[in-house]
Protein chains: 2
Amino acid sequence: MPKIIRQKIEFEGRLEERDVVIEGEDLPAWSADERFTVVGTAVPRVDGRERVGGTASYTADLFPPGLLHGAVLRSPHAHARIVRLDTQRAERAAGVHAVLSSLNAPKIRWYSGVSWLFDPELRFVGDEIAAVIAEDAAAARDALDLIEVEFEVLPHVVDAEAALRPDAVLVQPTGNILGGAPEQYERGNVQDALGRADVTVALTVHTPDQLHHSMETHGSVAHWSGGLLTVWDSTQHIFGVRRQTAGALGLPLDKVRVLSPYMGGGFGSKNTAGKYTVIAALASRQTGRPVRVFFSRIEESQAAGKRPRSIQRIRVGARRDGTLVAIDYWGLSNVGAYRAFPSPLSGPPKELYACANVRTETASVFTHTGPAAAFRAPGYVESTVALEGAMEALADRLGMDPVEIRLRNYAPTDQVLERSYSSKYLREAYALGARSIGWQHRTPTPAEPARRGERRRGLGMASQIWGGAGSAPAYAEVRMNPDGTAEVRLGTQDIGTGAKTALTQIAAEVLTVPVDRIALLLGDTYFPYSPLSAGSMTIASCGPAVRMAAEEARRHLIDAAASVLEAAAADVRLEGGHFQVAGVPERKIALNELTRRMGNFTITGRGFRGPNPNDVTVRTWGAQFAEVEVDTETGEVKVLKVVACHDVGRVINPMQYTSQIHGGVIQGLGLALSEDHVTDPETGNVLDVGFDGYAVPRQSMIPEIDALAVNIPDPVANNLGVKGVGEPPMIPTPAAIANAVANALGVRILDLPITPGKILEALDQQE
Amino acid sequence: MPKIIRQKIEFEGRLEERDVVIEGEDLPAWSADERFTVVGTAVPRVDGRERVGGTASYTADLFPPGLLHGAVLRSPHAHARIVRLDTQRAERAAGVHAVLSSLNAPKIRWYSGVSWLFDPELRFVGDEIAAVIAEDAAAARDALDLIEVEFEVLPHVVDAEAALRPDAVLVQPTGNILGGAPEQYERGNVQDALGRADVTVALTVHTPDQLHHSMETHGSVAHWSGGLLTVWDSTQHIFGVRRQTAGALGLPLDKVRVLSPYMGGGFGSKNTAGKYTVIAALASRQTGRPVRVFFSRIEESQAAGKRPRSIQRIRVGARRDGTLVAIDYWGLSNVGAYRAFPSPLSGPPKELYACANVRTETASVFTHTGPAAAFRAPGYVESTVALEGAMEALADRLGMDPVEIRLRNYAPTDQVLERSYSSKYLREAYALGARSIGWQHRTPTPAEPARRGERRRGLGMASQIWGGAGSAPAYAEVRMNPDGTAEVRLGTQDIGTGAKTALTQIAAEVLTVPVDRIALLLGDTYFPYSPLSAGSMTIASCGPAVRMAAEEARRHLIDAAASVLEAAAADVRLEGGHFQVAGVPERKIALNELTRRMGNFTITGRGFRGPNPNDVTVRTWGAQFAEVEVDTETGEVKVLKVVACHDVGRVINPMQYTSQIHGGVIQGLGLALSEDHVTDPETGNVLDVGFDGYAVPRQSMIPEIDALAVNIPDPVANNLGVKGVGEPPMIPTPAAIANAVANALGVRILDLPITPGKILEALDQQE
């Protein structure tokens, strides 16, 4: 029976106390010594064949009959006001079915209300002016040139520090800091503690704008049919897109269906509906035809979001034995014109280490650049560069081993909320990682910087803290078919991580059927509600619901088997696809024979993912170690090896765990060494559009990667013991590489990416 | 909690005792004096706008990108063996992607195992030889001519009586009677009773082959993608098509999805998967492209099934007061080459009247003609012509009123199973119908036949008995969305009857929300299992599950509202979309405010349709009255008015009830007067292909129709009190018209359709 509990839940972006209906009691967690046959094994991707073979149909692959194509006219100015807009010539162009703009589109609020779908004030190069919907993509693009726009060009600002000056042009009328003022936190007394410290280290760190560059660009296909709006979207949250699209168009939720059966990457940039989604939906309503609006790779560079560039200052004070006495952290994120949520830069400085005196001040600063979006551990990646750079600098200063200084300041409990962690095996991650990289061979960081002309090797490391408890609610259902196959349905999405495979494994384990006898169906808002796939949350959110649904189906199957076998249900075991009366070997029935006998009387199990525990903090932990070789003649950094060891709770699939480590390390390596999304301060133009201009890591840059895991289930996070591995491998990678470069060179380069030019400049300056 | 019960259920065509899992206790039935605001009102079709406006997407409308088109080569002979088949030229033709035939297709059993998907022995003109799959429909059709076939032409038989002769060519190796021998039934002693009767009447009746001619022809679109076979099918049973297609292709059920979101009529001919379905699926697997195989209107005439022509002999004996003493009934159905289920001709003779001595002998006879399919009350329509013709002839003979003689023989209980009826309001139907048609003005049937040259009017009537209890299992789920809208999901199909609207009304009634705030989603095997939409069963099967799902959602909503309103759940009422604490007017909350406050913690209700009561018989009842005018000069019959009055339990939507009456009357009128699917005995060719050759009723033939209902809920059939109105209006229509013509002319024409030629011939013969 359901029950009502009062629970803090996120609703439309706000945390609110609400009465929620809980479907029932959660299951006790799988214990650490449970024996599994499917969970924990390297099951290949259940949809690998179609993803690799090209038969999987992504949103970008959809070209339904009668499809119209959209193209978007974007602002050429960093800041301007539209003083005249005439779309009539475009409307009359051959093949054009509609032109949407501020002239005719409904006034739909955007960016949490600070702008409009088509805002007459343009705030970055790439801001949307109008959309043309035409018979084919070329006709749509051609007609963009026929739209007449007269701009009043306004002064702009693209630099965060410049945007904070009193005389700066306002990007948003309420001021250039999101929320009006920086976010501040302090525990203890940082000022006093720093004064009493034996040693202090101060660093200034810059991290670049980093682009997500998902293989599938951002886009939607919308189709009205029979009073129902169907949206195919390359998204990380089909239910969120449903809510936002229904809200934008004033539709009831039951008339909107969002699908995302296969999805080609998002990394946080596809957490919400795009303007392209709503444009496609509006245009489909107007034209009565399906409409496709997809980003080109260039638009992907301009308007798809970015990890915002940061400026950070950190000062740590410690006693001579390495014990931290204070952390003073300040950080700015240059979030572009419109970002809606506060910067999470302060997470690691506040929480990673045991320290009585911590102060953070962080701000998201509006500028006339493309809007930031969440990007795989937003804020955490950036501030880990500062924090973990400071820790290694402190170790260097004190002549301590960097692992040793981290252990000296190990936080046994949550320093912010002053409560326990559900599980923490960071110590074990340090030990395993150090052994694999050969940390014992590390030489101390040279006191003098390297000279030009040598090849220098260095070792560096960094720690990681992140959430990953999953979030409630999530629902799932399992239906047994008459032939003993099962369908598992839930409205999550597999954003490329392998969630489909891991969730299949969970159901297969419970039902004791092979994974190929289970269809795991997701990516459809007709399926049970599931939350956002972001923040390493998918398996921790949805997996427990799948397990519970499978367990309910299993209980009902056992009841039915007990009836057929004329035994008490308590005596019936399900093992290896057979129901067996305990102690009576001949009294058994195969699962598929049982379901066959029931015909169309089908067993369905429902599962529910309950709220997180209220009294403990759930975190993932990890450490990464990098070995680099720097050519001081050319300034090139070659990463030789990265060792990653994380505590992410139970590992459902070690192969997929490894894939996540690889992806995170490579994406982090790009931020550390090559990726920088540069905006021309004079014009506000993005200077490195597409894959030609923007240096994602090439194959030649990829190091040996050793993916290790502290594979110990979390006892309370959820009924599976999983936490999550999406973000963790990204977080410490840039910091570890920067620290390794410092260890190699004796000079700490804190302006990422660490390009050859910066290395040579740093070496030259030190000389 | 679920429980296990032992239940007779239909499984793969056989009734078997099985252990089935019942989801829980059924709800008590809605009582007769329940007050409703939505149920019982004339809600317009919820999908009427898109059905009429052309935006509804039927299977026939689907042309996905990359679609290949199939065309089928059919036998030109009524009976032949393929001695050589060469498809190579066709395979090499431009645009051809595949040719499937007995040469290369897997051996897939068809027609319940008596034939193959591609059988080298061909048994009717139109039997499938091969299928070409090509880039477009024209290329596929053209390539059919390139297939070389050499036939050994074999002797054939198209007439049922000829097929029963000892020397007849065998259509099936086991003999030309389905099951080897006629089905026989006897209670009492018919021979003796007829000998003792005061009066006997004997009639010989012929009814024609009748074609279903659904507006949407038979066809499927199949598409393999990512290891999953998706089939869109114009079907009355998506789950049956799933089972049959998976079985034919050797696939597990979880890898097959069948969709039928809109469907353009079936009338029983789309109860199962077609060869076209499996051909499309095989071809899609082979080519990796979506494949469409749809019947042309001509193929619809040849191979889509038919109501089989019948020959019937009936003899009834009665006492002078009209009391029946014996019914002796014999009937043959000419079911073509392959029909798999026994003829249900004997239903009305056995059960409609109280009679101690009844004998029936019926047989389905194989001939070399197109296979029969179920058609809106199969058998019942045909034998009602005989039975009710005999009753009126008996009334004429005894000088009694035809209504009076029926009341004299009113069956208070089930004469076959000797148990009660759950409800029977046939008496009331007689009274209401007689009043509307003006039965009191009926003149006795003239003893002398009419003379040529006059216009003669006549009144006739007939009764109807049919099932309609619905069938188990059926499942449904209701999900509340955060904005208070609801989605109702179930895997039934709306075959054009308006099931979608009626099911929406049931949910709306329970949830007290407007019908336009509910999306009723069906036609997808990803939704909960629902049975075949045939036999008047859809609402009686699925409606109770929808009600139960909505009631569960309602209970959970009340729990949540009670928590918010700080009241006991027992004190909270849901009325008009608001939760209200009894007696405290100010303590209330709107449903959509409650769901909004719960955010994504969504309430879902599940419903289950339990087995039928085991101890009573559930039947629908009805009477129809026809007034005709016969032009004895031209032989033309003009039906002036038909009054239909049926007891089908509770009427959910009177407008849709009326629509069903209209459809059934018109389809019955066609059988009575104009439709006859004629096969040339020499060649086995169908002589009246398409709408040119086959005379479905034209608008000019449609009479005034008065649709009356005995709207009294059945107390035990299911929790709604509904029976079903699909078949009932079809059953008595031909009999009532034939009886009216006899009343007009004084001569009983028993060879349907009653064409002008037959009337003139009969009049001439009587003279």
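Predicted, not measured: the structure shown is a model, and the values here were computed from it. Numbers given to residues run from 1 along each chain, matching the order in which its sequence is written. The lettering of chains begins at A and the numbering of ligands begins at 1, in the order of writing. The model is predicted, so local features are restricted to residues of pLDDT at least 70 and side-chain atom pairs to those at 80 or more, both for listing and for counting; the totals for chains, interfaces and linings are taken over all residues. For the side-chain quantities, the full set of heavy atoms in the structure was used; hydrogens and water were omitted.

Asks: So what's going on with the pattern of salt bridges? Residues and values would help.
Replies: What counts as a salt bridge is simple: a side-chain nitrogen of Lys or Arg found within 4 Å of a carboxyl oxygen of Asp or Glu. On inspection of all chains with the given rule, the structure shows 91 salt bridges over all chains. Residues Glu382 of chain A and Arg307 of chain A are paired through a salt bridge, measuring 3.1 Å at the closest nitrogen-oxygen approach. With a gap of 75 residues between them, Glu382 of chain A in helix H10 (residues 380-398) and Arg307 of chain A in the loop between helix H8 (297-303) and strand E17 (309-318) connect regions that are remote in the sequence. With respect to class, Glu382 of chain A is no different from Arg307 of chain A; both count as buried. With its nearest N and O atoms 2.7 Å apart, the salt bridge here joins Arg479 of chain B to Glu487 of chain B. Accessibility assignment for this pair places Arg479 of chain B and Glu487 of chain B in one class, buried. Through salt bridges with shared partners, one network takes in Arg74, Asp127, Glu128, Lys275 and Glu299 of chain A. Here a strand is any run of E in DSSP of at least two residues, a helix any run of H or I of at least four, and the numbering for each starts at the N terminus. For every residue, the accessible area obtained with a 1.4 Å probe (protein chains only) is divided by the maximum for its type, and the residue is called buried under 20%, exposed over 50%, and partly exposed between those limits.

Asks: Provide a residue-level description of the sheet that holds strand E24 (residues 572-575) of chain A, including the pertinent values.
Replies: Paired through backbone hydrogen bonds, the strands of a sheet run either parallel or antiparallel to each other. Residues and elements named next belong to chain A. Note on pairing: two strands pair once DSSP finds at least 2 bridges between them. Ordered by their spatial adjacency, three strands build an open sheet running E24-E25-E26, and the pairing between neighbours is antiparallel. The open sheet has two edge strands, E24 and strand E26 (588-590), and neither has a second partner. For this sheet, the mean angle separating the axes of adjacent strands, direction not counted, is 20°. Judged from the four bridges that link them, E24 and strand E25 (residues 578-581) form a sheet pairing that is antiparallel. Residue pairing across strands places Leu574 opposite Phe579, the latter belonging to E25. Contacts were defined at the residue level, with two residues in contact if any of their heavy atoms lie within 4.5 Å. As a rule, the C-alpha atoms of each element are fitted with a line to give its axis, helices using only the stretch in contact, and angles between N-to-C directions run from 0 to 180 degrees. Against the sheet, helix H15 (residues 591-598) touches E24, E25 and E26, its axis set at about 80° to E26.

Asks: Break down the interface of chain B and chain A for me, citing the residues and quoting the values.
Replies: Listed as interface residues are 71 residues of chain B and, on the opposing side, 71 residues of chain A. In this structure, Glu552 of chain A and Arg606 of chain B form a salt bridge, with 3.0 Å as the shortest nitrogen-oxygen distance. Throughout this description, a polar contact denotes any pair of N or O atoms lying within 3.5 Å of each other; where both atoms belong to protein, one of them has to be capable of donating a hydrogen while the other can accept it, and for residues adjacent in sequence the pair is counted only when both atoms sit in side chains. Scanning the region where chain B abuts chain A turns up 30 residue pairs in polar contact (both at pLDDT 80 or more). If one sorts the elements of the side of chain B that touches chain A by residue count, helix H14 (residues 538-565) of chain B sits on top with six residues. Lys, Arg, Asp and Glu make up the charged group, whereas Ala, Val, Leu, Ile, Met, Phe, Trp, Tyr, Cys and Pro make up the nonpolar group; the residues left over, Gly among them, are polar. Each residue belonging to the side of chain B that touches chain A can be placed in one class, and the counts come to 34 nonpolar, 15 polar and 22 charged.

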